[in-house]
Amino acid sequence: MLEKDMEELIANYPNDFFPDYNLQLNDRQGILDNTARFDLLFNDKSGNIILMELKSKKASADNIDQIITYQDKLIRKNRKNKINVKMWLIAPNIPYALQKKLKEFNIKFFEINEDIFNRIARKRNYPLQEKKIKAKKKITRERKSTRLNSSHITLTRMPFSA
C-alpha cells in the first residue's frame, strides 16, 4: 500500500475509517516551521485538532520523535489560540513495545491493514495508485520480454563452398 493511497482515502473518507470522531479535513501535506511536513490535519467533533502521521510500513520508534516534533511546532504556531492538539499514528503494524511508548506520550494509534484500505477503496470506487504502478511495471516487463523474443535472431549454418 502506498502512503499516497492511504492519505487520499483517509483525507476523503475519514469517517469510513474513524466513524466515532466526525472528522473534518483541515489541511494536508502542510508545512510546520518551514522544516516539517505533516500528512493530514483534521478537526474533530469536540473541537480538537488532530494531526495524523501515516506510515505505509511497520511503525518504528523514530515515528514518535517525528510526531512529538510536529506537535510541538503546531502548538507553538498556534500559541495564541490555545488549541488542543491530538496526535495520531496510523500504520499497518505497530509493535507492542512501540504501542506502550505511544501511550506514554499520549499519542493515539490505529493499526489499519491493507485489506481495510482495499475494502474502502472498492466501496468508494477509488483507483489505488499502487495497482496502477504494478500494472505499468507488468506491461513494461511484458513489452521488454516481447522485444527480446521478437529480436531473437536464428543463425543458420550455411555449407562452405570454395
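One can find the structure itself at the top, above this paragraph.
Counting restarts for each chain: residues are numbered from 1 in the order of the written sequence. With pLDDT at 70 or above as the cut-off, local features in this predicted model cover only qualifying residues; side-chain atom pairs require 80 or more to be listed or tallied, and sums for whole chains, interfaces and linings still use all residues. In computing side-chain properties, one takes all heavy atoms of the structure into account and sets aside hydrogens as well as water.

So, the sheet that holds strand β7 (residues 108-111)
(1) Moving on: Ordered by their spatial adjacency, five strands build an open sheet running β1-β4-β5-β6-β7, and the pairing between neighbours is mixed. Edge positions in the open sheet fall to β1 (24-28) and β7, since each of these has one partner strand only. When strand polarity is set aside, the average angle formed by the axes of neighbouring strands in this sheet is 25°.
(2) Moving on: Bridge count for strand β5 (residues 49-54) against strand β6 (residues 85-91) is six bridges, and the pairing is parallel. Across the sheet, residue Leu51 finds its bridge partner in β6, namely Met87.
(3) Moving on: Docked against the sheet, helix α3 (residues 61-77) engages β4 (40-43), β5 and β6, running at close to 150° with respect to β6. DSSP bridges decide pairing: two strands pair if at least two such bridges lie between them. Strands here are runs of E lasting at least two residues and helices are runs of H or I lasting at least four, both read from the DSSP assignment and numbered beginning at the N terminus. In this analysis an axis means a line fitted to C-alpha atoms, helices contributing only their contacting stretch, and an angle means the value between N-to-C directions, from 0 to 180 degrees. Whether two residues touch is decided by their heavy atoms; if any such pair falls within 4.5 Å, the residues are in contact.

Looking at the packing of aromatic side chains
For any pair of aromatic rings, the description consists of the separation of the ring centres together with the inter-plane angle of the planes.
(1) Moving on: In this scheme Phe, Tyr and Trp rings, the latter by its six-membered ring, pair at centre separations within 6.5 Å, and the angle between planes marks the pair as stacked below 30 degrees, edge-to-face above 60, and tilted otherwise. Scanning the entire structure with this criterion turns up seven aromatic pairs.
(2) Moving on: Between Trp88 and Phe110 the ring centres are 4.8 Å apart and the planes differ by 50°, which places this aromatic pair in the tilted class. Taken as a pair, Trp88 in strand β6 and Phe110 in strand β7 lie far apart in primary sequence, 22 residues in all. Per residue, the accessibility class of Trp88 equals that of Phe110, and both read buried. Working definition: with a 1.4 Å probe on protein chains only, accessible area under 20% of the residue-type maximum means buried, over 50% means exposed, and in between means partly exposed.

Some remarks on helix α5 (residues 114-123)
(1) Moving on: Taken together, the buried positions of α5 are occupied by Phe117, Asn118, Ile120 and Ala121. The buried residues of α5 occupy an angular sector of 165° when the element is viewed end-on, so they sit on one face. Opposite its buried face, α5 presents the exposed residues Asp115, Arg122 and Lys123, each directed more than 90 degrees away.
(2) Moving on: Polar contact criterion, stated in full: a pair of N or O atoms within 3.5 Å, where within protein one must be able to donate a hydrogen and the other to accept it, and residues adjacent in sequence count only if both atoms are side-chain atoms. The N-capping residue of α5, defined by a side-chain oxygen 3.0 Å from the backbone nitrogen of Asp115, is Asn113.
(3) Moving on: Residue Asn125 follows α5 closely and has a positive phi angle near 55°. This arc is taken over the directions from the axis of the helix to the C-beta atoms.

Any functional reading would require information that these geometric values do not contain.
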